[in-house]
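A look at the structure
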Amino acid sequence: MEPLYKEFYNDEEVVSAVETLKSKGVDDDNVFILTHDDDRTDRVADNADANTVSMSQQGLDTSVKNVFRKKGDELRAQFEELGFSSDKAHTLEEKLDEGKVIVVVKDAPTDLVL
C-alpha cells in the first residue's frame, strides 16, 4: 500500500496539517516533508516538527547514489524509498518542481484522510 500524501503551496498550511495529523494519532516518525529545496524542506520540517527523508529511510545504497544524482532523480528516489511506485514518484517530483510542499504519511491508519 502506498503512503498517503497531500500537496501544499503554503508552508503555514503544512504546519497546520501536520498538527492535525498528530492530533489524529499519526506517529511522528511516519510524517515526512519534501520540497525541491533542501533549505525549505528543513525549515518547514522544523516548523511542523516533522521528518525529512534521511539516510535511515533511504538506506546506505540510495544515499550514496544520491550524492551523484541530479536533484530530480534524488527526490524521485526518496519518494520510492517512502513506498511510492516509480511512476507516482515521477509525478510527485513534478509537483515539487511547481513549488509545492508534499506531506507524506507512511503506515497511515486505514481511516485517515488527508
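One can find the structure itself at the top, above this paragraph.
Quick look at the structure, then. (Residues numbered from 1 in each chain as written. Predicted model: local features only at pLDDT ≥ 70, side-chain atom pairs only at ≥ 80, totals over all residues. Heavy atoms only, no water.)

1. Examining the packing of aromatic side chains
Applying the stated criterion to the full structure yields 2 aromatic pairs. On the numbers, 5.8 Å between centres and 80° between planes, the contact of phenylalanine 79 with phenylalanine 84 is edge-to-face. Pair check on accessibility: phenylalanine 79 and phenylalanine 84 agree, each one buried. (Phe/Tyr/Trp six-rings, centres within 6.5 Å; stacked < 30°, edge-to-face > 60°. Buried < 20%, exposed > 50% of the residue type's maximum accessible area, 1.4 Å probe, protein only.)

2. Examining the pairing of strand β3 (residues 101–105)
With 5 of 5 residues buried, β3 lies mostly within the body of the structure. The two faces of β3 match: Val101, Val103 and Val105 on one face and Ile102 and Val104 on the other face are all buried. In this sheet, β3 lies alongside strand β1 (residues 4–8) in antiparallel orientation, the contact comprising 5 bridges. Bridging across to β3, lysine 6 finds its partner in valine 103. By the bridge criterion, 4 bridges tie strand β2 (residues 31–34) to β3 in an arrangement that is antiparallel. Paired with leucine 34 across the two strands is isoleucine 102, which belongs to β3. (Helix = DSSP H or I, 4+ residues; strand = E, 2+ residues; numbered from the N terminus. Pairing = 2+ DSSP bridges.)

3. Focus on the pattern of salt bridges
A complete count under the given rule lists 10 salt bridges for this structure. In this structure, aspartate 11 engages arginine 40 in a salt bridge whose closest nitrogen and oxygen atoms are separated by 2.6 Å. Note that aspartate 11 is positioned in helix α1 (residues 11–23) and arginine 40 in helix α2 (residues 38–48), a separation of 29 residues in sequence. Here aspartate 11 and arginine 40 have matching classes, each one buried. Each of Glu7, Glu98 and Lys100 takes part in a single network of salt bridges with overlapping partners. (Salt bridge = Lys/Arg side-chain N within 4 Å of Asp/Glu carboxyl O.)

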